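So you can see what is in the structure, the chains are spelled out below.
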Protein chains: 2
Amino acid sequence: MKLYESLAAEVEGQVARGVLLEGEKLPSVRQASQHRKLSISTVLRAYSLLESKGVIESRPQSGYFVRARPRLARRPATPAPALILSSEVDVSRLVLSTLRTIRSQGAVPLGSPYPDPAPFPAARISQYANAIARRRHWSVMDDLPPGNPHLIRQIARRHMEHGLAVDPSEIIVTVGATEAINLCLQAVARPGDTVAVESPTFYAMLHAIERMGMRALEVPTDPRDGIDVAALRGILTRQRVAAVMVMPNFQNPLGFCMPDVRKRELVALLADYDIPAIENCVYDELYYGDSHPSPLKTWDTHGLVLHCSSFSKSLTSNYRIGWALAGRYAAQVEKLKFLNTLSTPSLPQLAIADYLQNDGYDRHLRQVRKGYTQRARMMAAAVLRFFPAGTRVSEPQGGYVLWVELAGGVDAMRLYTRALDHGITVGPGHMFSARGSWVNCIRLNYSYPWTAETEEALRTLGRLVAALGA
Amino acid sequence: MKLYESLAAEVEGQVARGVLLEGEKLPSVRQASQHRKLSISTVLRAYSLLESKGVIESRPQSGYFVRARPRLARRPATPAPALILSSEVDVSRLVLSTLRTIRSQGAVPLGSPYPDPAPFPAARISQYANAIARRRHWSVMDDLPPGNPHLIRQIARRHMEHGLAVDPSEIIVTVGATEAINLCLQAVARPGDTVAVESPTFYAMLHAIERMGMRALEVPTDPRDGIDVAALRGILTRQRVAAVMVMPNFQNPLGFCMPDVRKRELVALLADYDIPAIENCVYDELYYGDSHPSPLKTWDTHGLVLHCSSFSKSLTSNYRIGWALAGRYAAQVEKLKFLNTLSTPSLPQLAIADYLQNDGYDRHLRQVRKGYTQRARMMAAAVLRFFPAGTRVSEPQGGYVLWVELAGGVDAMRLYTRALDHGITVGPGHMFSARGSWVNCIRLNYSYPWTAETEEALRTLGRLVAALGA
């Protein structure tokens, strides 16, 4: 390899790994020449090779810059009224079988929806549990719904710290966010009702709809701004919708954070039509920006927002403790909790409450967020590097998943099957729609440490996509 | 107090406390005279006083015996066809508010449905959990439904030891028996369907029916033999029943254990009509007899019995781990589990599995059973001693609750309210029917250590019943 090729490869690698971000200026030819001890002409040849490959671009009087990469900026068109149909939902079998297969693979779990549990302070929380179990005996009686008062206080305190004043009597502790979402949906809608969701939709929402025999109406959703409030308004003028289910912050799979102005518009629209919204906020603590995002609940003055969250994505998945802030539906959700699982176990509630009160939750989160922010860039860069031209990727603002639109209309289930032969898993787009949309998309998990294996798996995936698209 | 009165009071006390059982022979007059250093005539006067009070009876050529006490042997009449109506169910608000009130009372929790957690080996199990948490990290992914394989193996092994050969692939781990019952019912019946239950019914069954918007049909139930299979057959010939829900062993609240011949009849009847049965077997480990009772599942050759159980009543309620053996509905129940709470937390499953494999579950159970057996007698005796004449009590064969039919048609909710003023709680019969039956009955918990306070509480209850009946 010649000197200029070697320099070009090195720069390309840095772009691919996200060290150099799009739009960032490269060192000037003169600087590069000095620092690298290379001739001006060698640097110039390297930069022009990179330019011809589309990695960088020269801007007159400014220098060389990393080129913008293709992303999911396309705003889905609002379907014509005749096309706005709700669908029966039957995705859970696909999701469960996919998750099982993903689990059985030893390889890099790119297809997993769950965060790497390794950074969780599990041992610390377990020590608290152990101390509590020794101190006294707990009966099912002790923490009947709404839940353990100590934990409820800690949850309210945390919401308060993030600017959401919460009435503790509105909090109901649940078995993960899954139960919270189920109870909230059951509280506000009946079997046969239509529920508006984002598109693509996190399948946990579709599961709740499926469980209750309701219908899903998939509303156009912008990959940067979230659910199309204008389109939703149009729908509400034409048909009855029992509830809206959204993930305003770091949506799974798109990773967007709705701008506050859009959140306010959505909450106002719901108030106009007196329609409840269920928001799933399990990734709120995993923001990449400067501050914790605001949930829809922040602007809810009518008690119409049912806020669902959990500790399973940010603190520990050993116990699956979640909660709902159920607004004006709190009494109904509390009763449904009692009917559904009687009570959430006391010991895990107390152990988490003790940890929240005494230990370094924020320190733990800072570290996790730092890693995710970095790996989000690395994952996007690697996909754009290894996958065929025309591949588009999302720009996650938080959480730990990347959404990838495959070039050439490659079917994600075919990729999923081929990838399994190589011990690699991906989350096929089929899981994110009840009506068969997003079949050319995949979701990738970047919560695990970035290794040579990760990079090799992405290279293999890129090859498989290219072969399928050929 | 004269000598003969003192002897009579002592014997009466022993009968009341269950030291002397009904039908047991008293020491002969001669023996009593020798052992007590009392004259023959003093003993004779004491015995005849007891005879006049109805405590003992003399049998010619045999001696004196403790008299049989009034019990719930009455077999409820089969209602005429026109009366067999199913009811909408709405008991959960009453039950939840009652349980909450019971919790808030510091006194003897006679009204609690839950066992005293003090004998549970909670600290031991927590140590296992702690060791596991230290050893490795667990993801939600690891124990997707049906559940943790190690725990499933232990559950299957235990069933096998009790004579029930179980296919481990039929076992689904749940959040307590409550979730198991809910999932099983949802798997076999639709909203609006009619479900046959015992009468009185354990309200957990009614809750599952209420949650799904189904209807309950309360079938006559013998306090000794369980659900009236002939009456049920009559009902099935006349109307469609989607499922039957029973507690064949140590039913809450009656405490009976269905004779095996009745269980076989019931299972055969269900097979004739191809109707699934959900059996709640949470008290099976708490038998007073020589051996573990057989669940209906033992005779189920058609996969129609959905067996639900949990560790919360016999081992630990700290984690609320239950399971379902869902027969031919296993795949459906597994899917519903995934939809309802996603997965049961791994750490508690593993900790319980480790305990079952390594520790003294049977030793723990022997001790608990011994205490319950003894206190069942003491509780029945105390109620018959302190409550007005005409009071009837159940004869629990296992578990830890006594069912009491109040004399004089006293309303249990009125007693409940009055008793609260004295810091005493009872389980009002109103919770055990969707159609307002059993309003003159209460359920009493005897799992807690027997103290002077217990006896005093029962004495107070007796006074209150007498006052309400006057």
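Residues numbered from 1 in each chain as written. Chains lettered and ligands numbered in written order. Predicted model: local features only at pLDDT ≥ 70, side-chain atom pairs only at ≥ 80, totals over all residues. Heavy atoms only, no water.

Student: How do you make sense of the environment of Leu325 of chain B when you look at a structure like this?
Tutor: Residue and element names in this part refer to chain B. Among the secondary structure elements, Leu325 is positioned in strand E11 (residues 321-325). Relative accessible area serves as the criterion here: at 0%, Leu325 is assigned to the buried category. Remark: the alpha-carbon pair of Leu325 and Val43, spanning 282 residues in sequence, is separated by 59 Å. Apart from residues lying up to four places away in sequence, Leu325 is in contact with His159, Leu164, Val166, Glu170, Ile171, Lys297, Val305, Leu306 and His307. (Helix = DSSP H or I, 4+ residues; strand = E, 2+ residues; numbered from the N terminus. Buried < 20%, exposed > 50% of the residue type's maximum accessible area, 1.4 Å probe, protein only. Contact = heavy atoms within 4.5 Å.)

Student: What am I meant to see in the sheet that holds strand E13 (residues 401-405) of chain A here?
Tutor: Sheet strands pair via backbone hydrogen bonds, and the direction of the pair is either parallel or antiparallel. All names here are of chain A. Taken in spatial order, the four strands make up an open sheet running E12-E13-E15-E14, and their pairing is antiparallel. Sheet topology places strand E12 (392-393) and strand E14 (427-428) at the edges, where each strand pairs with a single neighbour. Bridging between E12 and E13 involves two bridges; their strand directions are antiparallel. When the bridges of E13 are listed, Arg392 appears paired with Glu405. (Pairing = 2+ DSSP bridges.)

Student: Would you mind showing me how to read the interface of chain B and chain A here?
Tutor: Size of an interface, as often reported, equals the accessible area lost when the parts are brought together. Across the contact, 58 residues belong to chain B and 58 residues belong to chain A. For the chain B and chain A pair, buried surface summed over both sides reaches about 5,500 Å², with 59% attributable to carbon and sulfur atoms. Joining chain B to chain A, the criterion identifies six salt bridges. Across the salt bridge formed by Glu210 of chain A and Lys335 of chain B, the nearest N and O atoms sit 3.0 Å from each other. Between the two partners, chain B and chain A, sit 29 residue pairs in polar contact (both at pLDDT 80 or more). Its residues assigned to classes, the side of chain B that touches chain A shows 27 nonpolar, 18 polar and 13 charged. (Buried area = accessible area lost by both parts, 1.4 Å probe. Salt bridge = Lys/Arg side-chain N within 4 Å of Asp/Glu carboxyl O. Polar contact = N/O pair within 3.5 Å; in protein donor to acceptor, adjacent residues only side chain to side chain. Nonpolar A, V, L, I, M, F, W, Y, C, P; charged D, E, K, R; others polar.)

Student: How should I be thinking about the relation of the copies chain B and chain A in this particular structure?
Tutor: Applying a rotation about an axis and a shift along it to one chain copy brings it onto the other copy. After a rotation of 180° and a shift along the axis of 0.0 Å, chain B superposes on chain A with an RMSD of 0.1 Å. Such a combination of turn and shift is consistent with a two-fold rotation axis. The C-alpha atom lying nearest the rotation axis in chain B is that of Asn130 of chain B; the distance is 3.4 Å. (Least-squares fit on C-alpha atoms with pLDDT ≥ 70 in both.)

Student: Would you take a moment to explain the packing of helix H11 (residues 330-341) of chain A against helix H7 (residues 176-188) of chain B for this structure?
Tutor: When two helices pack together, their arrangement is given by the angle between the helix axes and the distance between those axes. Interhelical geometry of H11 of chain A versus H7 of chain B gives an angle of 90° and a closest axis separation of 6 Å. Here H11 of chain A is positioned roughly perpendicular relative to H7 of chain B, judged by the angle of their axes. Contacts from Leu339, Asn340 and Thr341 of chain A in H11 of chain A reach Thr178, Glu179 and Asn182 of chain B in H7 of chain B. For the contact of H11 of chain A with H7 of chain B, the residue count by class is one nonpolar, four polar and one charged. (Axes fitted to C-alpha atoms, helices over the stretch in contact; angles between N-to-C directions. Parallel < 35°, antiparallel > 145°, perpendicular 65-115°, else oblique.)

Student: Mind showing me how you'd approach the domain arrangement of chain A here?
Tutor: All names here are of chain A. For chain A, the assigned domains read domain 1 (3-66), domain 2 (92-118 + 363-469) and domain 3 (122-359). The straight-line distance from the C-alpha centre of domain 2 to that of domain 3 is 25 Å. Listed per partner, the contact involves 32 residues of domain 2 and 29 residues of domain 3. Buried area between domain 2 and domain 3, both sides added, is near 2,600 Å², and the carbon and sulfur share of it is 56%. Interface area lost by domain 2 to domain 3 is led by Arg369, Gln397 and Phe432, which between them contribute 21%. Counting across the interface, domain 2 meets domain 3 through two salt bridges. Residues Glu395 and Arg224 are paired through a salt bridge, measuring 2.3 Å at the closest nitrogen-oxygen approach. Joining domain 2 to domain 3, the criterion identifies 17 residue pairs in polar contact (both at pLDDT 80 or more). For the side of domain 2 that touches domain 3, the secondary structure elements donating two or more residues are helix H4 (92-104), helix H13 (361-386) and E13. Class assignment of the residues belonging to the side of domain 2 that touches domain 3 gives a composition of 19 nonpolar, nine polar and four charged. (Domains from an automatic or database assignment.)

Student: How do you make sense of helix H3 (residues 40-52) of chain A when you look at a structure like this?
Tutor: Think of an α-helix as 3.6 residues a turn; residues three or four steps apart then line up on the same face. Residue and element names in this part refer to chain A. Here H3 contains 13 residues, and its C-alpha end-to-end distance of 18 Å stays within 8% of the 18 Å for a straight helix at 1.5 Å per residue. Looking only at H3, the buried set comprises Thr42, Val43, Ala46, Tyr47 and Leu50. An end-on view of H3 places all buried positions within 130° of arc, on one side of the element. Gly54 occupies a position one or two residues after H3 and carries a positive phi of about 80°. (Expected span 1.5 Å × (residues − 1). Arc of directions from axis to C-beta.)

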